[in-house]
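Structure at a glance
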Amino acid sequence: MLHQAVILVGGRGTRLGPLTDDTPKPLLPVSERPFLGYLVDELARQGFDDILLLAGYRGDRMDSFCAEMRRPGLRLRCVTEPEPAGTGGALRLAADLLETQFLLLNGDTLFDINLNDLASPPLPADGSVLARMALRRVPDTARYGAIILENGRVTAIHEKGRTGEGPINGGIYLLDRRAVGRLPPSPCSIETGLFPLLAAAGAVEGRVYDRFFLDIGVPDDFALAQSVIPASRRRRAAFFDRDGVLNEDIGFAHRPDQIAWMPGAREAVKRLNDAGFLVFVVTNQGGVARGLYSEEHVRTLHRWMQEELRTVGAHVDAFYHCPHHPDHGEPPYRTDCRCRKPEPGMLLQAMAEWPVEPQGSFLVGDRETDVQAAQRAGIEGTLYRGGDLDALVAGILARSGAGLGARSGTGAEVEAVR
Ligand SMILES: [Mg+2]
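Residues numbered from 1 in each chain as written. Predicted model: local features only at pLDDT ≥ 70, side-chain atom pairs only at ≥ 80, totals over all residues. Heavy atoms only, no water.

Structural notes on the overall build of the chain
When helices and strands are counted, the chain shows 12 helices and 19 strands. Expected size for 418 residues packed as a compact globule is a radius of gyration near 22 Å; at 23 Å, the chain falls within 12% of this value. Here the C-alpha coordinates of the chain stretch approximately 70 × 45 × 45 Å along the principal axes. Looking at the chain as a whole, 54% of its 418 residues are labelled buried. Put simply, of all contacts in the chain between residues at least 6 apart along the chain, 73% involve residues at least 24 apart. When the accessible surface of the chain is summed, it comes to about 17,400 Å², and 50% of that surface belongs to carbon and sulfur atoms. (Helix = DSSP H or I, 4+ residues; strand = E, 2+ residues; numbered from the N terminus. Rg over C-alpha atoms; globule rule 2.2 N^0.38 Å. Buried < 20%, exposed > 50% of the residue type's maximum accessible area, 1.4 Å probe, protein only. Contact = heavy atoms within 4.5 Å. Areas by Shrake-Rupley, 256 points an atom, 1.4 Å probe, with all protein chains shown as cover.)

Structure (structure tokens):
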């Protein structure tokens, strides 16, 4: 699966006046932290943990940003161009560092999409399509430049000034490395130099996402960003018990070959990702206390499950497991802990570590103890008794008004507990 994301952060941001005299536009503070920090967090939580910044103006500030954002599990690097060569020139300069396919993002826009949806399936290996562009429908395309989309292909890209409703370039792309070879001579722009060429050759797909979109490059929207972006980070969360909900409960599963996904499980996670929910797994793993397997087995299995999910455009934001048991094994695992369900410890930890909006958050479990943990954490719990998990989740979203076209004909037995 894709892990690399490349962010264009070389822009000077002249439209913002003296604000960017000393600071690259993506590093301007939004509610007291660099705008770029929000983008990096968003990429990392969705599994894009190898991030490459293409810097120009004040590249030294980008190096400092990388140092400040450093954390385990996140690779964050910066390449600074020696002289301005446009976004295309910056990409060409980094060509040797690029994976076969990667995400490319503008560093001055926030488009709140399911990035794994854009990345799946991968672009065809034969090179017939070199880019997939995330599009946003707007009431008037004049400020941005209109995109003509026909049967999923971008057939034309217009300059700014064309008025009327339609899709615009959302500033996030899945790119094939071979596209670098199609760049015009430097200096050149990816947006106005490369993409029109590729579109004319029929090599650009487009997907429309009707999600939150903001371009901080103009003063009005930069002012708006101060309140809107922090608020948009606060999300409802879905908590899933693991065994018996996401995968068949065979008793103490701890290896990939023991995992059979429940019907509609991966689709349910994707539906929640698409709708902008945070998704967590909260699982009792008393098998650790019993000495049947180790916590490293649990973590390795969860990494495998994450990669499986990402192949279908889904992801889990974090897995929480309780390794304890009150009556089995030896200390420290043999203990009366606060995390083993029906205790709510794992849910409360997730709610402390992530910007969770409790109102509208929910848990799905296959035991009464799961539902009790949800109630103790102050959220709704739903008992799942087999059948299509995606249909069950669609029903929950439809009832809460967050549905994205809920399906009918469920085949799932639903019991909501408030
Ligand atoms: Mg269970």
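Moving on, there is more to tell.
Overview of the coordination of the magnesium ion
Geometrically, a metal with four donors at the corners of a regular tetrahedron has ideal angles of 109.5 degrees, and one with six donors at the corners of a regular octahedron has ideal angles of 90 or 180 degrees. Looking at the magnesium ion, the protein donor atoms are Asp 241 (OD), Asp 243 (O) and Asp 366 (OD), and they sit 2.1 to 2.3 Å from it. One chain supplies every donor for the magnesium ion, spaced along it as D-x1-D-x122-D. When sorted by exposure, Asp 241 lands in the same class as Asp 243, which is buried. (Donors = N, O, S within 2.8 Å, 3.2 Å for Na, K, Ca; no water.)

Some thoughts on the domain arrangement of the chain
Domains assigned within the chain are domain 1 (4-233) and domain 2 (237-417). Averaged C-alpha coordinates put domain 1 and domain 2 at centres separated by 33 Å. Listed as interface residues are 10 residues of domain 1 and, on the opposing side, 17 residues of domain 2. Of the roughly 990 Å² buried between domain 1 and domain 2, counting both surfaces, carbon and sulfur atoms make up 39%. By the criterion of area lost to domain 2, the three top residues of domain 1 are Arg 45, Asn 114 and Asn 116, representing 52% of everything that side buries. Summed over the shared surface of domain 1 and domain 2, the number is 2 salt bridges. (Domains from an automatic or database assignment. Buried area = accessible area lost by both parts, 1.4 Å probe. Salt bridge = Lys/Arg side-chain N within 4 Å of Asp/Glu carboxyl O.)

Points about the UniProt feature "domain: Nucleotidyl transferase" (unreviewed entry) in the chain
The sites that UniProt annotates as "domain: Nucleotidyl transferase" (unreviewed entry) are residues 5-225. In residues 5-225, the share of helix is 24% and the share of strand is 29%. The end C-alpha atoms are 23 Å apart. (UniProt positions renumbered as here; feature names shortened; annotations may be inferred.)

Looking at empty space enclosed by the protein
Under the counting rule described, the total for this entry stands at 2 cavities of 30 Å³ or more. Roughly 90 Å³ of volume is contained in the largest cavity. Every residue lining the largest cavity is counted, 13 residues in all, and those nearest its centre are Leu 39, Leu 105, Leu 110, Phe 111 and Ile 172. Mapped by element, the contributors of at least two residues to the lining of the largest cavity are helix H1 (35-45), strand S6 (101-106), strand S7 (109-111) and strand S11 (166-176). Per-class residue counts for the lining of the largest cavity are 8 nonpolar, 4 polar and 1 charged. Elements with a minimum of two residues in the lining of the second largest cavity: H1 and helix H7 (265-274). Classifying every residue of the lining of the second largest cavity by side-chain character gives 2 nonpolar, 5 polar and 6 charged. Each of domain 1 (4-233) and domain 2 (237-417) gives at least three residues to the lining of the second largest cavity. (1 Å grid on protein atoms, 1.4 Å probe; cavity = no way out; pocket = protein on both sides within 12 Å on 5 of 7 lines; lining within 4 Å. Points joined across faces, edges and corners; volume = space filled by probe spheres on them. Nonpolar A, V, L, I, M, F, W, Y, C, P; charged D, E, K, R; others polar.)

Some thoughts on the packing of aromatic side chains
Throughout the structure, instances matching the rule amount to 8 aromatic pairs. Each ring, one from Phe 111 and one from Tyr 209, has its centre 6.5 Å from the other, and the planes form 85°; the classification is edge-to-face. On the criterion of sequence distance, the pair formed by Phe 111 in strand S7 and Tyr 209 in the loop between strand S12 (204-208) and strand S13 (213-215) is long-range, its members being 98 residues apart. For Tyr 209, a relative accessible area of 11% corresponds to the buried category. Here the aromatic cluster, defined as three or more aromatic residues joined through ring pairs, consists of Phe 111, Tyr 144, Tyr 209 and Phe 213. Taking NZ or CZ as reference, Arg 33 lies 4.7 Å from the ring centre of Tyr 38, over its face. (Phe/Tyr/Trp six-rings, centres within 6.5 Å; stacked < 30°, edge-to-face > 60°. Lys NZ or Arg CZ within 6 Å of the ring centre and 35° of its normal.)

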